[in-house]
Amino acid sequence: MLALRRHQQAWPHWAASSRMHPSSHANLRYTCTIASEVAATARADIGARLTKLKSTELSIIMRSCRLAQGVGKLYKVDALSAFVWASQELALARSLAKRKYRPVKIGTVHKAFIPEEVVSIDIGFRNLAFAHVSRSGKVLAWRRVELLKEATFEPWTLAAIVERFVNEILPVRKAATCTYVIEHQRFRSQGSAAVTNSIMVNNLVEALLYSCLRSIGAHIEAINPTLVSSHWDLSDTSGLLQAAIEQDALSTAPDTAKPAAASKKRASEKKKASEHTDRDGNMKTARIIARMGPILEEQKQITSSQHEAILRVLDMPHPRKRATRAAVIQDIAKLQLKGSQRLSIIRDLKRRLIKKERSISLVQSWIMLFLASAHPHTDVSQAAHLSTPGIAAETWPFSKNMEFADEMARMFCKEKKKDDLCDCLMQAVAWYQWQQNVVDTLDSYGSPLLIEAGDLDKHQ
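Worth saying up front: this structure is predicted, and the values here are computed from it rather than measured.

Chemist: What exactly am I supposed to notice about the sheet that holds strand β7 (residues 220-223) here?
Modeler: Think of a sheet as strands paired side by side through backbone hydrogen bonds, with each pair either parallel or antiparallel. Reading across from one edge, β5-β4-β3-β6-β7 is the order of the five strands in this open sheet, with mixed pairing throughout. Because the sheet does not close on itself, it has two edges, and the strands there are β5 (139-145) and β7. In this sheet, adjacent strand axes meet at a mean angle of 15 degrees when their direction is disregarded. With four bridges joining them, strand β6 (residues 178-183) and β7 adopt parallel strand pairing. Across the sheet, residue V181 finds its bridge partner in β7, namely E221.

Set out below in structure tokens:
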């Protein structure tokens, strides 16, 4: 009924356009080829379980598993049924690869869906960062690599550099125990019609990295960086900016009690209204920028306090201030002198600064929590309350705090481009949380028929 063979798995049709790729699991020891009658029965069982849910409940499940949401309950049930069935099949294959001579237990087979390790990569030709994290939360490797000093489009040069990086620097693990999570690159910058050289080179590096990892049979998944940012809520600080925007919207709302203008003056007043709307929009953007200033300064103070506390524990001297951040602030000051047409650019730059500060603060809070347990005699435990965003039961995938080596913490304190190191580590932790959400979905809505068939066929 269930054949286990050593050949490339025939992957479901939905995987090519969603979150996994057909060749990602080619080198698993066991792959499952489900008989048509078993597959139909299992998928019907899963669909019957999901049909009982409301459309909003289906949307919550799909969002927690990082799936694209469509319109209509029927579409959601079909897409989620295919996803649950294929995820169960993968969990069974990994479980059988580990348990060669022991029977498969239904209660524990779904846990095999989560690999033992993940290598998270933040793409960049000048600043490429990766984090190697285990399932228990231990950071095995964490590093930033400079592939190129200047952008180049020479294919043989880029191919040799990426191949050397994969073979000599990047940790190489089997697909059955490790997954490579790669940040999906954008094609536009801030909605601009032009494509810059750096974006094109980053996309080339991403494609070559996929090619090198696929050649060694690695399991690869792409992640949209916007999902990671929204998972950790990095764009705002405690909702203060959003509250300020809503307050400005209420204060500048038009007065509907005023009488309408005469019809013969409609054309001229329409032009004046358009100019008035543009002026109000600029004023609103300027007020938002003014409110972003205190939020950014407050976040900088939190980040600096955390940094000083980590340096005291590690007995490290205080380094010089980062020049890159000062350069960005100077660019903002220059844009402010060029007029109101640059207000939207200033707003986006300050928003990115807030996001960077919050990402650094988040990772530093993880380091501080580990140092507080590893060095209980220090005062870092009292400083841990400065900022611990994102560390909650619903967003933390590990049973305990993350584990860092002291050398990694020292490296992070000395690093000038902390945001790249933070991005790859936050991506790894968020991915583990999404995988745990998938396991919870399998436990609730998966079909036991598939696992029972695999257990019986394995021990016939």
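Chemist: In this structure, what is going on with helix α7 (residues 225-232)? I would like to understand it.
Modeler: Since the α-helix packs 3.6 residues into each turn, any two residues three or four apart lie on the same face. Burial in α7 covers these residues: V228, S229, H231 and W232. Seen along its axis, α7 keeps its buried residues to an arc of 160 degrees; they face one direction. Turned more than 90 degrees away from the buried face of α7, the exposed residues are T226 and S230. Structurally, the start of α7 carries an N-cap: the backbone nitrogen of T226 is 3.1 Å from a side-chain oxygen of N224. Downstream of α7 by one or two residues, D233 has phi in the positive range, about 55 degrees.

Chemist: Please explain the pattern of salt bridges as it appears in this structure.
Modeler: Close approach of charged atoms allows side chains of opposite charge to pair. One pass over the structure, following the stated rule, counts nine salt bridges. As a salt-bridge pair, E415 and R144 come within 2.5 Å of each other at their nearest N and O atoms. Linking E415 in the loop between α13 (406-414) and α14 (418-445) with R144 in strand β5, this pair joins segments that are 271 residues apart in sequence. Residue classification places R144 among the partly exposed residues on the basis of a relative accessible area of 26%. With its nearest N and O atoms 3.1 Å apart, the salt bridge here joins E146 to K149.

Chemist: What should I look at first to understand the pairing of strand β3 (residues 117-122) in this one?
Modeler: The side chains of a regular strand alternate between the sheet's two faces. Burial analysis of β3 places six of its six residues in the buried class, which makes it a mostly covered element. The alternating pattern of β3 places E117, V119 and I121 and V118, S120 and D122 on opposite faces, both of which are buried. As judged from the six bridges shared by β3 and strand β4 (residues 128-134), these two strands associate in the antiparallel manner. Its bridge partner being in β4, V118 is matched across the sheet by V133. The loop that links β3 with its antiparallel partner β4 comprises five residues.

Parameters and conventions
Residues numbered from 1 in each chain as written. Predicted model: local features only at pLDDT ≥ 70, side-chain atom pairs only at ≥ 80, totals over all residues. Heavy atoms only, no water. Pairing = 2+ DSSP bridges. Helix = DSSP H or I, 4+ residues; strand = E, 2+ residues; numbered from the N terminus. Axes fitted to C-alpha atoms, helices over the stretch in contact; angles between N-to-C directions. Buried < 20%, exposed > 50% of the residue type's maximum accessible area, 1.4 Å probe, protein only. Arc of directions from axis to C-beta. Polar contact = N/O pair within 3.5 Å; in protein donor to acceptor, adjacent residues only side chain to side chain. Salt bridge = Lys/Arg side-chain N within 4 Å of Asp/Glu carboxyl O.

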